[in-house]
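Structural overview for review
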Amino acid sequence: MFIFFGDFIFKTMRKSFLFTILFVFCGSLWAQTQLFYNQMGYKPEQQKIILANKARFDSIYVYNSKGSLQGVFPLAPKAFWDAARDSVRAIDLSAIKDTGTYRLTFPMSSQSYHLRISNNPLQTVTDAALKFFYYQRAGEALPEKYAGKWHRPAGHPDTLVYMHPSSGEKGTMSSAKGWYDAGDYGKYIVNSGITTYTLLTLWEEQSEKFKKRRWNIPESTLPDLLAETRYNLDWMLTMQSKDGGVYHKMTALNFCGSIMPHEDTDKRYVIGKSTTAAMNFAAVMAYASRVYAPFDAKYSQTMLAAAKKAYDWGLENPRIIYHQPGDVQTGQYSDQDPKDEIFWASAEMLLATQDTKGPYMKQLQLLQAPIRIPSWQMVNALGYYTMARHPKIFGSLGARAQELIVAKADELVKVSQQNPYGISLDNGDFVWGSNSVVANFAIAMVQAHRIKPKAEYLQYAHRHLDYLLGQNPLGLSYVTGMGFRSVLNPHHRPSEADGIDAPVPGMLAGGPHDGGHDISEPHNPVPWQCKEYRVIGFPAMSFIDHRCSYATNEVAINWNAPLGYLSASLE
Ligand code: 9MR
Ligand code: 9MR
């Protein structure tokens, strides 16, 4: 029940249990109407569907900033969503098109809400989502000039890390730079790969815009998007072994406490080697070699050579699965099935080498699994997206990739049309990181729109982003610092330990998920408020804005990249 009333309840509960019971009881008798909408605002021409929960009236009054009545808008009949076990009533405000801040209120009610219409409400979101990667930099101090109040000393230089026996090698090596994966300080190839792909795609699709776009990170001769991405590519390159194989991850043996990067002095290790890491690495390096070629020919050649070595290693070792060694507790990113990684890498290799006669085409023909929405574990869609962007060289497979993407997006639109929130998630989609599922569903629609423009694709992609920014059953913006009621306590070590109230901005919380791994973990002593955040059977409500819940409220690079991509695409 906590999640319904948020922060206020926590504080109250601490003070008096009895009072809380009373409050909740009264609260349910006089339940306030809640409005769920995009807290960052809407574009003038955009469809503006907002949702009312527990509404007691059939219309809403909208006043403009001068205080004059703009219109009275009807509430649609109740629509039930099983994932939240609750109903909402839609209000279509699309007819309001003038920019400004509007006040919304119900008859005889003192409650009011503010809704913004502006020309580019998403620019702030995009910039913050991308700036997040700067805040995640390992091995570099973040001076105030760039990081504002979140400035911090450098941590994890990683210039001397140890070869774990699982790496198959002995001694030490350097594995500097790269982004911290999430709320922890580990660096993992597989997750890094999908993240980097998403950012490279943003560049490939919108390079005109991103040539000039800056978000106050250290000066470079490269555009910010490519400078930031290179920071991670540099690290990924360190993770290749002499035989071409790629180490799975570089972390300590255990997760450290809630401390700042420079306070964590645990030894760090290069751990494991896997087919998924090799193929993921090959795909990203092949892609990056194309993107960086006009800026730095030598760097581009280095990456292509690394990609080829990793790819060949992967084909010779097509089933090396990562198994977590007994003395290691950090994230696993273990994946039993490397076929989709091979497929994706084959697409990138073919495109980067322009070699249609070699092994790549053969692999692509072998592996036409149905297209699946991407996650760190399932990446075949990344191959399809690439093929669809460059169809000619892939021959009939290019056209096939386009058809599959369009068919997938049509499926998602259909589901979204039936959903009161306009999104395409079913109960089963509320996995760990469900908000990234929301973003990746929307990205599939954006991809389809590029192939075969259709108003519905963009309309529902927008609804998915609206959901992340407040049009959801908790009425919470899941992006830190964005909106009037946004996540405040993400599972993110720097935000927990820096002594600053506001979390690092622009971070997408993982999102509702009723798996409860965090609270049922025997070694994770959770504070008592956290014990009941999970409401089984209400997956869309199972979220708590508390650092204890790493299964719902952690942040991660592979969740922020799709947020940045989506927001930039809808700008
Ligand atoms: O902080 C860790 C987070 O980054 C991981 O996603 C999560 C799951 O692997 O684990 C977190 O660490 C917790 C550990 O697993 C159990 N003890 C408590 C740790 C943090 O609260
Ligand atoms: O995103 C990962 C999710 O799909 C898994 O279910 C979960 C448990 O293995 O791990 C998530 O990834 C975490 C990683 O293991 C360690 N760094 C933080 C990641 C986000 O929570």
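The structure this text deals with has already been given above.
What comes next concerns the included structure. (Residues numbered from 1 in each chain as written. Chains lettered and ligands numbered in written order. Predicted model: local features only at pLDDT ≥ 70, side-chain atom pairs only at ≥ 80, totals over all residues. Heavy atoms only, no water.)

**Concerning the overall build of the protein**
Let me state the cut-off plainly: Numbering of helices and strands runs from the N terminus; a helix is a DSSP stretch of H or I covering at least four residues, while a strand is a stretch of E covering at least two. The quantity called the radius of gyration is restricted to C-alpha atoms. Its globule counterpart is 2.2 Å times the number of residues to the power 0.38. Accessibility here uses a 1.4 Å probe with only protein chains present; expressed as a share of the type maximum, an area under 20% marks a residue as buried, one over 50% as exposed, and anything in between as partly exposed. Note on definitions: a residue-residue contact is assigned when non-hydrogen atoms from the two residues lie within 4.5 Å. Positive charges are assigned to Lys and Arg, negative charges to Asp and Glu, while His and the chain termini are left out of the count. All charge positions are set by atom: Lys at NZ, Arg at CZ, Asp at CG, Glu at CD.
For the protein, the helix and strand inventory stands at 19 helices and 13 strands. The C-alpha radius of gyration of the protein comes to 24 Å, within 12% of the 25 Å expected for a compact globule of 571 residues. Considered along the principal axes of its C-alpha atoms, the protein spans approximately 75 × 55 × 45 Å. Scored against the burial criterion, the 571 residues of the protein give a buried share of 59%. A separation threshold of at least 6 residues defines the contact pool for the protein, and within that pool the share at least 24 residues apart is 68%. Within the protein, the 52 negative side-chain charges are centred at a point lying 3 Å from the centre of the 56 positive side-chain charges.

**A few points about the site of ligand 1**
In plain terms, the rule: Here, proximity means that at least one heavy atom of the residue falls within 4 Å of the molecule or strand. For the purposes of these results, a polar contact is taken to be a pair of N or O atoms within 3.5 Å, where, inside protein, one atom must be able to donate a hydrogen and its partner to accept one; residues adjacent in sequence count only when each atom of the pair is a side-chain atom. In the scheme used here, Gly and all other residues not listed as nonpolar or charged are polar, with Ala, Val, Leu, Ile, Met, Phe, Trp, Tyr, Cys and Pro taken as nonpolar and Asp, Glu, Lys and Arg as charged.
In the vicinity of ligand 1, the residues found are D184, F255, W432, H491, R493, H523, N524, R547, Y550 and E554. R493 places a polar side-chain atom, nitrogen or oxygen, 2.8 Å from an oxygen atom of ligand 1. Between ligand 1 and the protein, one listed contact pairs an oxygen atom with a side-chain N or O atom of E554 at 2.6 Å. A breakdown of the residues in the shell around ligand 1 according to their chemical character gives three nonpolar, three polar and four charged.

**Section: the state of the cysteines**
Heads up, the condition is: Any two cysteine sulfur atoms lying within 2.5 Å of each other are counted as a disulfide.
Overall, the coordinates contain one disulfide when judged by the stated rule. One disulfide bridge connects C530 with C548, the sulfur atoms lying 2.3 Å from each other. Between C530 and C548, the S-S dihedral sits near -115 degrees, and the bridge is therefore left-handed. Placement of C530 in the loop between α17 (517-520) and α18 (550-553) and of C548 in the loop between α17 and α18 is noted, with a sequence separation of 18 residues between them.

**A look at the sheet that holds strand β8 (residues 112-117)**
In plain terms, the rule: A pair of strands is labelled paired if DSSP reports no fewer than 2 bridges between them. Axis definition: a line fitted to C-alpha atoms, over the contacting stretch in the case of helices. Angles run 0 to 180 degrees between N-to-C directions.
Strand order in this open sheet of four strands is β4-β3-β7-β8, and the pairing throughout is antiparallel. Across the chains shown, the open sheet's two edge strands, defined by having one partner strand only, are β4 (69-74) and β8. The mean angle between the axes of side-by-side strands here comes to 25 degrees, regardless of whether they run parallel or antiparallel.

**Things to note about the site of ligand 2**
Going by this rule: Note on areas: these come from Shrake-Rupley sampling with a 1.4 Å probe, and a residue is covered only by the protein chains present in the view.
Residues in close proximity to ligand 2 include D181, A182, D184, Y188, G331, Y333, W376, W432, E554 and W559, which together make up its full environment. A distance of 3.0 Å separates an oxygen atom of ligand 2 from a polar atom in the side chain of E554. The fraction of the free accessible surface of ligand 2 (450 Å²) that becomes covered by protein chains is 78%.

**Details of the environment of G245**
With respect to the helices, strands and loops of the structure, G245 is situated in the loop between α7 (224-238) and β12 (247-251). The exposure class assigned to G245 is buried, which follows from its relative accessible area of 0%. Expressed as a C-alpha distance, the spacing of G245 and S167, which sit 78 residues apart in the sequence, is 10.0 Å. Those residues in contact with G245 that lie beyond four places of it in its chain are M239, Q240, K273 and W313.

**Topic: α7**
Counted only if it meets this: Under the convention used throughout, the expected extent of a helix is 1.5 Å for every residue step, that is, one less than its residue count.
Given a rise of 1.5 Å per residue, 15 residues ought to cover 21 Å, and the 22 Å separating the end C-alpha atoms of α7 matches this to within 8%. Here α7 lies mainly inside the structure; 12 of its 15 residues are buried. Buried residues of α7: D224, L225, L226, A227, E228, T229, Y231, N232, L233, D234, W235 and M236, and no others.

**With respect to the side chain of R89**
Within the element layout of this structure, R89 appears in strand β6 (residues 86-92). Of note is the side chain of R89, whose polar atom sits 3.0 Å from the side chain of D58. Leaving out residues up to four positions away in the same chain, R89 has contacts with I50, L51, A52, A55, F57, D58, L75, A76, P77 and K78.

**Regarding helix α19 (residues 557-570)**
Residue pairs three or four apart in sequence face the same way in an α-helix, which turns once every 3.6 residues. The end-to-end C-alpha distance of α19 is 20 Å, a good match for the 20 Å that 14 residues give at a rise of 1.5 Å each. Counting buried positions over the 14 residues of α19 gives 13, a clear majority of the element.

**Section: the packing of aromatic side chains**
Here is the rule: Stacked, tilted and edge-to-face are the three classes applied to pairs of Phe, Tyr and Trp rings, where Trp contributes its six-membered ring and a pair requires centres within 6.5 Å; stacked means planes under 30 degrees apart, edge-to-face means over 60, and tilted covers the rest. Any Lys NZ or Arg CZ that is within 6 Å of a ring centre and within 35 degrees of that ring's normal is treated as a charge sitting over the ring.
Under the criterion given, the structure shown has 22 aromatic pairs. Their ring planes at 50 degrees and their centres at 4.8 Å tell us that F343 and Y384 sit as a pair that is tilted. One end of the pair, F343, is in helix α10 (residues 339-353); the other, Y384, is in helix α12 (residues 380-389), with 41 residues separating them in the sequence. Y384 shares its class with F343; the two are buried. On the basis of an interplanar angle of 35 degrees and a centroid distance of 5.9 Å, the ring pair of W432 and Y550 is categorised as tilted. On the criterion of sequence distance, the pair formed by W432 in the loop between α13 (396-418) and α14 (434-451) and Y550 in helix α18 is long-range, its members being 118 residues apart. Among the aromatic residues, those joined into a ring-pair cluster are Y134, Y135, Y146 and W150. R137 extends its terminal NZ or CZ atom over the ring of Y231, reaching a point 4.5 Å from the ring centre. The positively charged end of K267 is found above the aromatic ring belonging to Y162, 4.5 Å away from the centroid.

**Quick look at the side chain of H491**
Note on placement: H491 falls in the loop between α15 (455-468) and α16 (493-497). At 2.7 Å, the side chain of H491 forms a polar contact with the backbone oxygen of R547. Beyond its immediate stretch of four places on either side in the chain, H491 contacts G183, E496, R547, Y550, N553, E554 and V555.

**Regarding the pattern of salt bridges**
How we decide: Whenever a carboxyl oxygen of Asp or Glu lies within 4 Å of a side-chain nitrogen of Lys or Arg, that contact is scored as a salt bridge.
This model, assessed by the stated rule, comprises 27 salt bridges. Among the salt bridges present, the one from K339 reaches D337, with a minimum N-O distance of 3.6 Å. Classification of K339 as partly exposed rests on a relative accessible area of 48%. Since its relative accessible area comes to 29%, D337 is described here as partly exposed. Several salt bridges converge on common partners, so that one network encompasses E204, E205, R290, E348, R389 and R450.

**Thoughts on the nonpolar core**
Threshold: Here, the term nonpolar core denotes a set of buried Ala, Val, Leu, Ile, Met, Phe, Trp, Tyr and Cys residues that are joined through side-chain atoms within 4.5 Å.
Core analysis: the biggest nonpolar cluster contains 144 residues, and W81, Y292, L364 and L566 have the highest contact counts within it. Beyond its immediate chain neighbours, meaning those up to four positions away, Y292 contacts L200, L222, L226, T229, R230, L233, Y299, S300 and M303. In terms of nonpolar packing, the next biggest core, distinct from the first, is built from 18 residues, L35, A52, L104 and L115 among them.

**Side note on the packing of helix α5 (residues 189-205) against helix α8 (residues 275-292)**
Geometry of a packed helix pair, given as the angle between the helix axes and the separation of the axes. Condition: Under this scheme an angle from 65 to 115 degrees is roughly perpendicular, one under 35 degrees roughly parallel, and one over 145 degrees roughly antiparallel; angles in between are oblique. The sense of a crossing depends on the near helix, which, turned anticlockwise from the far helix by less than a right angle, makes the crossing left-handed and, turned clockwise, makes it right-handed.
Here α5 crosses α8 at 25 degrees, and the two axes come no closer than 9 Å. Accordingly, the angle class assigned to the pair α5 and α8 is roughly parallel. With respect to the hand of their crossing, α5 and α8 are arranged in left-handed fashion. Across the interface between the two elements, I189, V190, G193, I194, T196, Y197, L200, T201, W203 and E204 from α5 touch T276, A277, N280, V284, Y287, A288, R290, V291 and Y292 from α8. Classifying every residue of the contact of α5 with α8 by side-chain character gives 12 nonpolar, five polar and two charged.

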